[in-house]
Amino acid sequence: MSAAAPERHRGRPPALAVRGLRKVYGDGFTALDGLDLEIPQGALFGLLGPNGAGKTTLIGSVCNLVRPTAGEIEVLGHPAGSREARAMVGLAEQDINVDRFLTIRQVLVYHGGYFGLGRREASRRADEALELLGLAGKAGKTALDLSGGMQRRLVLARALVTRPRLLILDEPTAGVDVDLRAEIWRVVRTLNQAGTTILLTTHYLEEAEALCDEIALIRAGRIVDRGSATHLREQYAATSIADVYSQALAS
Ligand code: ATP
């Protein structure tokens with residue numbers, strides 16, 4: 001999506017609107033400090049920031065896994081806690097957190113069932129997602145029988161079963177080889193071109209630059225800057241996003 005995109009989406013609610021989000025954990029640590037973020041529908045949006053900046057806490061808050069201390073979150077105009085919002089968000093977490101005793105097809109079918117899909121529809125979508133991620137040949141295996149890269153694809157396939165309008169990918173390419181990274185990029189682009197809004201976190205700055213039409217930089221629980229890679233490079237008189245990153249996030 002180009003800079004013209006917000007114009008195209010005028011009048012439609014953003015895919016994600018976060019206002020004044022605060023999260024103070026039980027031990028008193030402030031992980032999100034009044035964070036504001038708006039992501040237009042159709043975006044392929046990258047969130048960059050150092051370890052501990054608050055990315056996973058933000059994602060957890062959007063997906064109702066973390067209870068915010070204050071602030072508002074809306075998904076396509078619906079409060080994040082609502083049934084509508086929950087149905088529209090898909091999350092591929094950083095951890096490979098799948099049931100290792102089920103076949104991978106069952107993992108996907110049960111996930112669909114959990115989100116209210118009938119068995120036949122859940123099965124159809126499970127097969128579709130396995131096909132898209134190149135896992136159809138492993139449908140009857142358990143996650144334990146898969147390589148690390150295949151397990152990562154499985155987590156992504158599971159997030160797709162509900163056909164989310166906002167797909168959140170938390171470090172989808174962490175620790176994967178060059179071929180799988182290219183494969184994940186291909187799937188991400190295909191989904192985005194079909195209209196899915198994507199929010200991804202990554203520590204690979206060149207990945208954000210190559211893949212994302214907009215990038216936000218997060219530090220200490222706040223967004224410190226955002227824009228297209230070109231816009232950010234110009235703004236910081238930088239030659240690369242790595243250079244932008246080190247300037248913007250220098251304390
Ligand atoms: P990474 O890139 O390492 O995944 P992140 O940007 O996702 O980091 P978070 O996982 O959101 O960062 O963590 C933000 C801060 O909140 C960190 O300092 C972390 O230690 C702290 N934190 C996270 N979960 C808890 C918790 N349950 N209790 C206390 N502090 C926590």
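All of these numbers come straight from a predicted model, not from anything done at the bench.

1. Let's talk about the overall build of the protein chain
Scanning the protein chain for helices and strands turns up ten helices and ten strands. Summarising its shape, the C-alpha atoms of the protein chain cover approximately 50 × 40 × 40 Å along the three principal directions. Relative to its full complement of 251 residues, the protein chain shows a buried share of 51%. Accessible surface, the protein chain as shown: approximately 11800 Å² in total, 50% of it carbon and sulfur. Treating the 30 positive side-chain charges of the protein chain as one cloud and the 29 negative ones as another, the clouds have centres 6 Å apart.

2. Some words on the domain arrangement of the protein chain
According to the domain assignment, the protein chain consists of domain 1 (1–76 + 165–251) and domain 2 (99–163). Put simply, the middle of domain 1 and the middle of domain 2, counted by C-alpha atoms, are 26 Å apart. Domain 1 puts 13 residues into the contact, and the matching count from domain 2 is nine residues. Overall, the association of domain 1 and domain 2 removes approximately 860 Å² of surface from exposure, summing both partners, and the carbon and sulfur fraction of that is 75%. Looking at the side of domain 1 facing domain 2, the largest losses of area belong to Leu167, Leu180 and Val187, adding up to 40% of the total buried there. Our count for the domain 1 to domain 2 interface comes out at one residue pair in polar contact (both at pLDDT 80 or more). Those elements that place two or more of their residues in the side of domain 1 that touches domain 2 are β7 (166–170) and α7 (178–193). It is α7 that contributes the most residues to the side of domain 1 that touches domain 2, six residues altogether. Residue classes in the side of domain 1 that touches domain 2 are distributed as nine nonpolar, no polar and four charged.

3. Let's talk about the packing of helix α6 (residues 148–160) against α7
In a packed pair of helices, the relevant descriptors are the angle between the two axes and the axis-to-axis distance. Running from amino to carboxyl end, α6 crosses α7 at an angle of 10°, the nearest separation of the two axes being 11 Å. The orientation of α6 relative to α7 falls into the category roughly parallel. Along its contact with α6, which presents Gly149, Arg153, Leu156 and Leu160, the element α7 presents Leu180, Ile184, Val187 and Leu191. Looking at side-chain class alone, the contact of α6 with α7 contains six nonpolar, one polar and one charged residues.

4. Comments concerning helix α4 (residues 104–114)
Burial in α4 covers these residues: Ile104, Val107, Leu108, Val109 and Gly112. Summarising the contacts, the buried residues of α4 are in contact with α5 (119–132) and α6. Immediately beyond the C-terminal end of α4, within one or two residues, lies Gly116, with a positive phi of roughly 90°.

5. Re the packing of aromatic side chains
The geometry of two aromatic rings is summed up by the distance between their centres and the angle between their planes. The final tally for this structure, using the stated rule, is one aromatic pair. Ring geometry for Tyr114 versus Phe115: centroids 5.4 Å apart, planes at 80°, classification edge-to-face. Overall, Tyr114 belongs to the exposed group, its relative accessible area being 71%. Judged by relative accessible area, Phe115 falls into the partly exposed class, the value being 36%. Between Arg181 and the ring centre of Tyr204, over which it is positioned, the NZ or CZ distance is 3.9 Å.

6. Remarks on the site of the ligand
As a matter of local geometry, the ligand sits amid 15 residues, with Asn51, Gly52, Lys55, Thr56 and Thr57 nearest to it. Between Ala53 and the ligand, the recorded distance is 3.1 Å, taken from a backbone N or O atom to an oxygen atom. For the ligand, whose accessible area on its own is 630 Å², the fraction buried by protein is 65%. If one sorts the elements of the shell around the ligand by residue count, helix α2 (residues 55–62) sits on top with three residues. For the shell around the ligand, the residue count by class is five nonpolar, seven polar and three charged.

Conventions used here
- Within any chain, residue numbers begin from 1 and follow the written order of that chain's sequence.
- Local features in this predicted model are restricted to residues of pLDDT 70 or higher, and side-chain atom pairs are both shown and tallied only at a pLDDT of 80 or more, whereas totals for entire chains, interfaces and linings draw on every residue.
- The basis for every side-chain value is the complete set of non-hydrogen atoms in the structure, without hydrogens or water.
- Numbering of helices and strands starts at the N terminus; helices are DSSP runs of H or I of at least 4 residues and strands are runs of E of at least 2.
- Burial classes follow relative accessibility: with a 1.4 Å probe on protein chains only, a residue under 20% of its type's maximum area counts as buried, one over 50% as exposed, and anything between as partly exposed.
- Residue-level accessible areas treat just the shown protein chains as cover; the underlying method is Shrake-Rupley with a 1.4 Å probe.
- In this tally Asp and Glu are treated as negative and Lys and Arg as positive; neither His nor the chain ends contributes.
- Note on charges: their place is set at NZ of Lys, CZ of Arg, CG of Asp or CD of Glu.
- In this entry, domain limits derive from an automatic or database-based domain assignment.
- Contacts between residues were defined by any pair of non-hydrogen atoms, one from each residue, lying within 4.5 Å.
- Buried area counts how much accessible surface, traced with a 1.4 Å probe, disappears from two parts once they are put together, with both parts' losses summed.
- In protein, a polar contact means a hydrogen-donor-capable atom and an acceptor-capable atom, both N or O and within 3.5 Å, with residues adjacent in sequence counting only if both atoms are side-chain atoms; elsewhere, any N or O pair within 3.5 Å suffices.
- Residues are grouped as follows: nonpolar covers Ala, Val, Leu, Ile, Met, Phe, Trp, Tyr, Cys and Pro; charged covers Asp, Glu, Lys and Arg; every other residue, Gly included, is treated as polar.
- Lines are fitted to the C-alpha atoms to define the axes, a helix being fitted only along its stretch in contact, and any angle between axes, read from their N-to-C directions, falls within 0 to 180 degrees.
- Oblique is the label for any angle not under 35 degrees, not over 145, and not in the 65 to 115 range, which are roughly parallel, roughly antiparallel and roughly perpendicular in turn.
- Each Phe, Tyr or Trp ring, with Trp reduced to its six-membered ring, pairs with another whose centre is within 6.5 Å; inter-plane angles below 30 degrees give stacked pairs, above 60 give edge-to-face pairs, and intermediate values give tilted ones.
- Consider the ring centre and the ring normal. A charge sits over the ring if Lys NZ or Arg CZ is within 6 Å of that centre and within 35 degrees of that normal.
- Here a residue counts as near a molecule or strand whenever at least one of its heavy atoms sits within 4 Å of it.

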